[in-house]
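# A structural walkthrough
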Amino acid sequence: MDEIIKVKNLEFSYSLEGTKVLKGISFSINKGEIVGIIGQNGSGKTTLVKHFNGLLKPIKGDVIINGKNTKEEEISELSKTTGYIFQNPDDQIFNNSILKEVSFGPKNLKFTKKRIKELVEKALKLTGLSAVKNKQPYDLPYNKRKLIAIASIISMDGEIIIFDEPTTGQDYLNREIVINIIKELKKKGKTIIVISHDMEFIAKICERAIVLKEGRILLDDSVQKVFMNKKVLESTKLKPPQITRLAQKFKRIYDGTLTVEEFFNQMYK
Amino acid sequence: MKENIIEFEKFEWQYGNNANFKILINDLKIKKGSFIGVIGPTGAGKTSFCYSIMGVIPHLQTGEMKGSVRIGGVETKNSSLSMLSRKVGLILQNPLSQMSGAGLNVEEEIAFGLENLGYPRSEMEKKIKEIIKLFELKEHAHRSPFELSGGQQQKVAIASVLVLEPDIIVLDEPTGYLDPLSTEIIFNLVKKLNKKGKTIIFVSHKFEYLNKLCDEILLMNEGSIVKKGSPEEIFTNIPLLKKNYLGIPEITSLFNRLKKAGKWNKEFTASVEKAEKYLKEEFPWMR
Ligand SMILES: Nc1ncnc2c1ncn2[C@@H]1O[C@H](COP(=O)(O)OP(=O)(O)OP(=O)(O)O)[C@@H](O)[C@H]1O
Ligand SMILES: [Mg+2]
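Cut-offs applied
- Residues numbered from 1 in each chain as written.
- Chains lettered and ligands numbered in written order.
- Predicted model: local features only at pLDDT ≥ 70, side-chain atom pairs only at ≥ 80, totals over all residues.
- Heavy atoms only, no water.
- Pairing = 2+ DSSP bridges.
- Helix = DSSP H or I, 4+ residues; strand = E, 2+ residues; numbered from the N terminus.
- Axes fitted to C-alpha atoms, helices over the stretch in contact; angles between N-to-C directions.
- Contact = heavy atoms within 4.5 Å.
- Donors = N, O, S within 2.8 Å, 3.2 Å for Na, K, Ca; no water.
- Buried < 20%, exposed > 50% of the residue type's maximum accessible area, 1.4 Å probe, protein only.
- Buried area = accessible area lost by both parts, 1.4 Å probe.
- Salt bridge = Lys/Arg side-chain N within 4 Å of Asp/Glu carboxyl O.
- Polar contact = N/O pair within 3.5 Å; in protein donor to acceptor, adjacent residues only side chain to side chain.
- Nonpolar A, V, L, I, M, F, W, Y, C, P; charged D, E, K, R; others polar.

### Notes on the sheet that holds strand β7 (residues 160-164) of chain A
Strands in a sheet are paired, the pairing made by backbone hydrogen bonds, and the direction either parallel or antiparallel. All names here are of chain A. Read from one edge of the open sheet, six strands run β6-β7-β8-β3-β9-β10, paired in mixed fashion. Here the strands that pair on one side only, and so sit at the sheet edges, are β6 (82-85) and β10 (216-222). Neighbouring strand axes in the sheet, compared pairwise and without regard to direction, differ in orientation by 15° on average. Two elements, strand β3 (residues 34-39) and strand β9 (residues 208-213), share five bridges in a ladder whose sense is parallel. What sits directly across from I38, in β9, is V211. Contacting β6 and β7, helix α5 (residues 142-154) crosses the sheet at an angle of about 175° to β6.

In structure tokens form, the structure reads like this:
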């Protein structure tokens, strides 16, 4: 299989004297996988994924993206492959129109005019922003700005797309928009990494989940297995989705049940 | 009977720069000490509702106001923000928009409001210490909030308001970036303050917590309160939730699935604990 991300003994701290935020992390991700990264506040999730587009560089160990060591690459090169959508959209957005913001990335990558136009239109359509594209980003509410941040990264058409808590503060419809975007990207064979505290969302879209705790990997397994691991859940205080928790109260229902339909089917097969 | 601490009467608000949105609350009375959950899709007016309790509407926003909002009997439009902020604490969704901007560290940021209210030094220090410990921010007390993780920033923003223990606490989707443990800590602390008599207005998409903790849910859409009801009443009402573009709790969906299959004709629940009980009673073979 095609390994697109490889992390080897990665260590990182934000300052020389400071405590280590990442304390020796190793794993790899294959092309086309959808991987969830979960764990408590401050466990190092954002710090970890910022290594994938070169925003941060390891203090020790290596991060290899598409065969290239991030230590030897410029951010501008890495950002062709990896798009990182910031946790807080206001850290990311800086143009004065939505259209400019979403066009900025692909223009910077020097794509052809035609391709830029196609990618920008597609991104605006997927995020439901076409009708407001001439507005200023800050005229839209916070949760819509999160969609602008998504649009401006997917318009760059990178192989790897990282979502840092995309469903935060989103209502049902916007959450469905995000789920739909991820499904579309998956169809195109993109590799997707999602950081989230929203376990129903993780259960819906991810096959695999990596659990971080205090800068280390606690568990790296299928979503079902992660939600079934009592010890890990206890030590990270993660709560599986409602339906999974209900399933775990019944002997006859599989503890790794992720959807209502799966639950029902086990009652009446 | 407890007194009404928040009263909306023929209240209308239209933002100066937006002709398409209007908030309209004809008659709403909230009793002192209640715990009210507010739900609704994007653009429903939840934040504007919070602003009008805090007095941000009309004092800091431009637009036209009709009717009245009374907080503890005093009309917000005849009061000032600084007066209102002694009674009402508002916590916003985006933590960074809440920081004082004075370049303070975490501890100073949390102290900021207390200092403004003129608390005595020793009491202030005690309160700050307590909340920093409860929110697990001890290690970060002397760092700048801007060097923290998203969730840690949000905790600082929440702590700096809750530490003031205002009579009315308005929370506008404050737990978005929080991990499950921190979310639970926040909800529990808010509940504790509620038990001490504080009135809580909690906007959230986390229906499971609202279901567990609230006395009443206000469902907002298109600038108005379209439905008021007990949590279970609202969270098991699939047509109502759908019509207002809200998600259906998984447990409610399960009961609906059973009903559709002709296996369930009793009342629904949206809570895991009750569902366990209901199913074990009805289907002993499942145990
Ligand atoms: N710019 C920074 N400077 C110094 N320390 C930082 C900085 N950003 C994060 N940290 C620290 O690094 C640790 C890991 O932070 P990180 O943002 O990776 O956590 P996270 O798992 O993404 O958390 P959250 O769920 O709250 O977003 C935290 O203790 C945090 O305080
Ligand atoms: Mg983060």
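There's more to say after this.
### Structural notes on the coordination of the magnesium ion (ligand 2)
All names here are of chain A. Distances from the magnesium ion (ligand 2) to its protein donors, namely T46 (OG1) and Q87 (OE1), fall within the range 1.9 to 2.3 Å. Of this pair, T46 sits in helix α1 (residues 45-49) while Q87 sits in the loop between β6 and α3 (98-108), and the two are 41 residues apart along the sequence. The pair formed by T46 and Q87 is uniform in burial state, with each residue classed as buried.

### Details of the interface of chain B and chain A
Between chain B and chain A, the residue contacts involve 45 residues of the former and 42 residues of the latter. Of the roughly 3900 Å² buried between chain B and chain A, counting both surfaces, carbon and sulfur atoms make up 59%. In terms of surface lost to chain A, no three residues of chain B exceed Y177(B), E250(B) and M286(B), which account for 20% of the buried area on that side. Connecting chain B to chain A are four salt bridges. The interface formed by chain B and chain A includes 20 residue pairs in polar contact (both at pLDDT 80 or more). For the side of chain B that touches chain A, the secondary structure elements donating two or more residues are α6 (150-162), α7 (180-195), α8 (207-213), α11 (250-260) and α12 (272-282) of chain B. The dominant element in the side of chain B that touches chain A, judged by the number of residues it contributes, is α11(B), at six residues. Here the side of chain B that touches chain A is composed, by residue class, of 21 nonpolar, twelve polar and twelve charged.

### Topic: the pairing of strand β4 (residues 63-71) of chain B
Residues and elements named next belong to chain B. In this structure, strand β1 (residues 4-15) lies alongside β4, joined through eight bridges in antiparallel fashion. Note on β4: the bridge partner recorded for E7 is R70. Two strands pair when backbone bridges link them, and β4 and strand β5 (residues 74-75) are joined in this way by two bridges, in the antiparallel orientation. Of the residues in β5, the one forming a bridge with R70 is E75. Counting the residues in the hairpin turn of β4 and β5 gives two residues, including G72, whose phi is positive at 55°.

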